[in-house]
Structures are given as C-alpha cells and as structure tokens.
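As a plain string of letters, each chain reads:
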Amino acid sequence: MSLLSDESDDKYTTDTLFCTLCLIMTNHLWELFDPEIYVRDNYVDLHDEDRRIIDILVPYFEKKLSGGCRVLDIGTGPNLYPLMAISPYASTIDCLEISSRNIDFLTRQLHKPSVYWNAFSAYMSSLNIRYKKRSIARLRQNVVIRKGSILKRPDKAYDVVMMFFCAESITSSALEFEVACDNFIRSAKPKGMFVAAFMENSCGYSVGPIHFPAYPVHKKLLECVFTPHCDSVTMYHIPRAKEPLRDGYTGMVLLVGTKK
Ligand SMILES: C[S@@+](CC[C@H](N)C(=O)[O-])C[C@H]1O[C@@H](n2cnc3c(N)ncnc32)[C@H](O)[C@@H]1O
C-alpha cells in the first residue's frame, strides 16, 4: 500500500486518471442505489453490530472531544446514526456523498427524521446524558450535504473525519480502495481525529435487485494502510451478530485514532 507516501507525480497522475475513469464508469451505479431498501435492510432496527459500534464511539468522543469540531462524514448515504453520535461535539458536519438519490433521501430525513432513528437516539442517551438534550431534528442545523467523491483530492482539512462502510463498499479495486483511504486520511488536519467502520471480508452486497461491489478488508490489511500515518490507532473487531445483516461478510472493523 502506498498510502500518503511521497510518490512521483507520474504515479499520482496515473492513479488520478484511473480513478477518474472509474468514477465515470460507476457514477450511474450510485443512482441505482435505493436508500429506502438499504435502510430497510440495515437500519430500521438497531442491530447488534451497530450497537457495539455505538458502545465504542460514545465514550471515545466524550473522552477526546470538547465541542466545536468541524466534521466530515464521507459516503453518508442514508445513515443518520454516525451524524447523531458526533453531533454534540460538532459545530458543522459536512456530508460528502456521490449519489443524488442518497442526497435527496438524507435531505428529507434531516427535515423529518423517521421514527426508527429514535432507538439509536435512546441508546446513545442511555450511554451519555448529553444525547438526551439533542433532538434528531436539530441535526439539520449543523449538517451541510456536499455532492462529491472520495476519489477526488479533498480541498480542506477537518478536525474529525468519519467514514462508515464507504471505501471498501464502493469498489472491488485495490487501487480505488487505496485512493479512497488516502483521501479520507488526507481530509483530516494534522493531529485530527478519524473514525472509520468497514465490513470485514465483504464479497459485495445487494440493494434490491442491484449488486454493489466490495473490496475485502480485514484488520491486518487496515493496519498496513493506516498505522504508518497515525499518531495512534485502535482497531476493534466487531463480531458478526447471531442474526447477521446478510450473507457474505465476517464481521466489522472499527478504527478510531489520530492522524500524525
Ligand atoms: C455501503 S453505502 C454506506 C452508507 C452509509 N455510510 C452507512 O453507514 O450505511 C456506501 C455509500 O458511499 C456512497 N459513495 C459511493 N461512491 C462514492 C464516492 N466515490 N464518493 C463518496 N461517496 C460515495 C454511496 O452513494 C453510498 O451512500
């Protein structure tokens, strides 16, 4: 992996060209991504694997953050819970998303959150009283949705960057995965915090009739990708729940840490 290495301009140009071509070829795919079906499959109930992620994130944010952070969430899709989890500590949350359908869905959710997010909110409140004072509807005051791609170089650096099931769930190409992780880390400022969740060993997933690709990742690979660029990184293995979300993955990996 060549993440963040000082590579030659030639290699950078080739990678950028490759990713631009991939973007052109796959752009239409994300317009076929149906957020209603995706949410029905993943978030209408608070699943054990997400519960475990929340168990880790809520105390981590409380310990490490005091508030007023500029936050970026990449590939937000229709998932509100990472935004809910960071919101007490954020002054702004930019959501970078490629799909117009997901942007429309997210915009509607921010204006009128569906009831299923209440279970996430109640669970966060049970772990930290701070969340009791935050209504989900207040999220829209801080969130700015930006249409764009993780495969393009970030133009600014954030205090906190987050990415839930994006870099490994948008491609089966090692290079695209690598570029996505590279840009993710680059979008944090020096000593900034990053939080990333990955499906482990995913062989792709279906949203309705459409199959979406994945790049299979595991703790060792993520360690090689991220460790050289971090002051600190902790990796958590989230075991596959007794009732998994679907076939074709072995669990999840959650990374929290600080960039160099
Ligand atoms: C598997 S979904 C994850 C959604 C959500 N973050 C979650 O936790 O469930 C992948 C998301 O990445 C978005 N996406 C795909 N390609 C992207 C790109 N090049 N840049 C930014 N987002 C992208 C998709 O539209 C989709 O919302």
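Above this text is the structure in question.
Residues numbered from 1 in each chain as written. Predicted model: local features only at pLDDT ≥ 70, side-chain atom pairs only at ≥ 80, totals over all residues.

Trainee: Is there a simple way to explain unusual backbone geometry in this structure?
Mentor: The bulk of non-glycine residues show a negative phi, and the bulk of peptide bonds are trans. Positive phi is not limited to glycine here, since phenylalanine 165 has a value of about 55°. As for its position among the elements, phenylalanine 165 is in the loop between strand 4 (158-164) and helix 7 (174-186). Phi is positive for asparagine 201, close to 50°, though the residue is something other than glycine. Here asparagine 201 shows up in the loop between strand 5 (188-200) and strand 6 (205-207). Look at asparagine 201 and you get partly exposed, because 17 C-beta atoms sit within 10 Å. (Helix = DSSP H or I, 4+ residues; strand = E, 2+ residues; numbered from the N terminus. Buried ≥ 20, exposed ≤ 12 C-beta atoms within 10 Å, placed from the backbone.)

Trainee: Before we go on, may I ask you to explain the site of the ligand in this structure?
Mentor: If you check the shell around the ligand, you find 20 residues, and the closest are Gly75, Gly77, Asn79, Ser99 and Phe164. Considered class by class, the residues forming the shell around the ligand number 11 nonpolar, eight polar and one charged. (Near = placed C-beta within 6 Å. Nonpolar A, V, L, I, M, F, W, Y, C, P; charged D, E, K, R; others polar.)

Trainee: In this structure, what is going on with the environment of valine 217? I would like to understand it.
Mentor: As for its placement among the helices and strands, valine 217 is situated in the loop between strand 7 (210-212) and helix 8 (219-226). Taking C-alpha positions, valine 217 is 9.7 Å from phenylalanine 177, a pair spaced 40 residues apart along the chain. Ignoring anything within four residues of it in the chain, the contact list for valine 217 reads Glu168, Phe198, Glu200, Leu222 and Val253. (Contact = placed C-beta atoms within 7 Å.)

Trainee: Sorry if this is basic, but what is going on with the sheet that holds strand 1 (residues 69-74) here?
Mentor: With mixed pairing, the seven strands of this open sheet are ordered in space as 3-2-1-4-5-9-8. What marks the edges here is a single partner per strand, and that holds for strand 3 (143-147) and strand 8 (230-239). With strand direction ignored, the average angle separating the axes of adjacent strands in the sheet is 15°. As judged from the four bridges shared by strand 1 and strand 4, these two strands associate in the parallel manner. Considered in strand 4, the bridge of valine 71 is made with valine 160. Relative to the sheet, helix 5 (residues 100-111) contacts strand 2 (90-97) and strand 3, its axis offset from that of strand 3 by approximately 170°. Each of strand 5, strand 8 and strand 9 (251-259) touches helix 8; the most contacted strand, strand 8, lies at about 165° to it. (Pairing = 2+ DSSP bridges. Axes fitted to C-alpha atoms, helices over the stretch in contact; angles between N-to-C directions.)

From the geometry alone we can't say anything about function, so treat these as descriptive.
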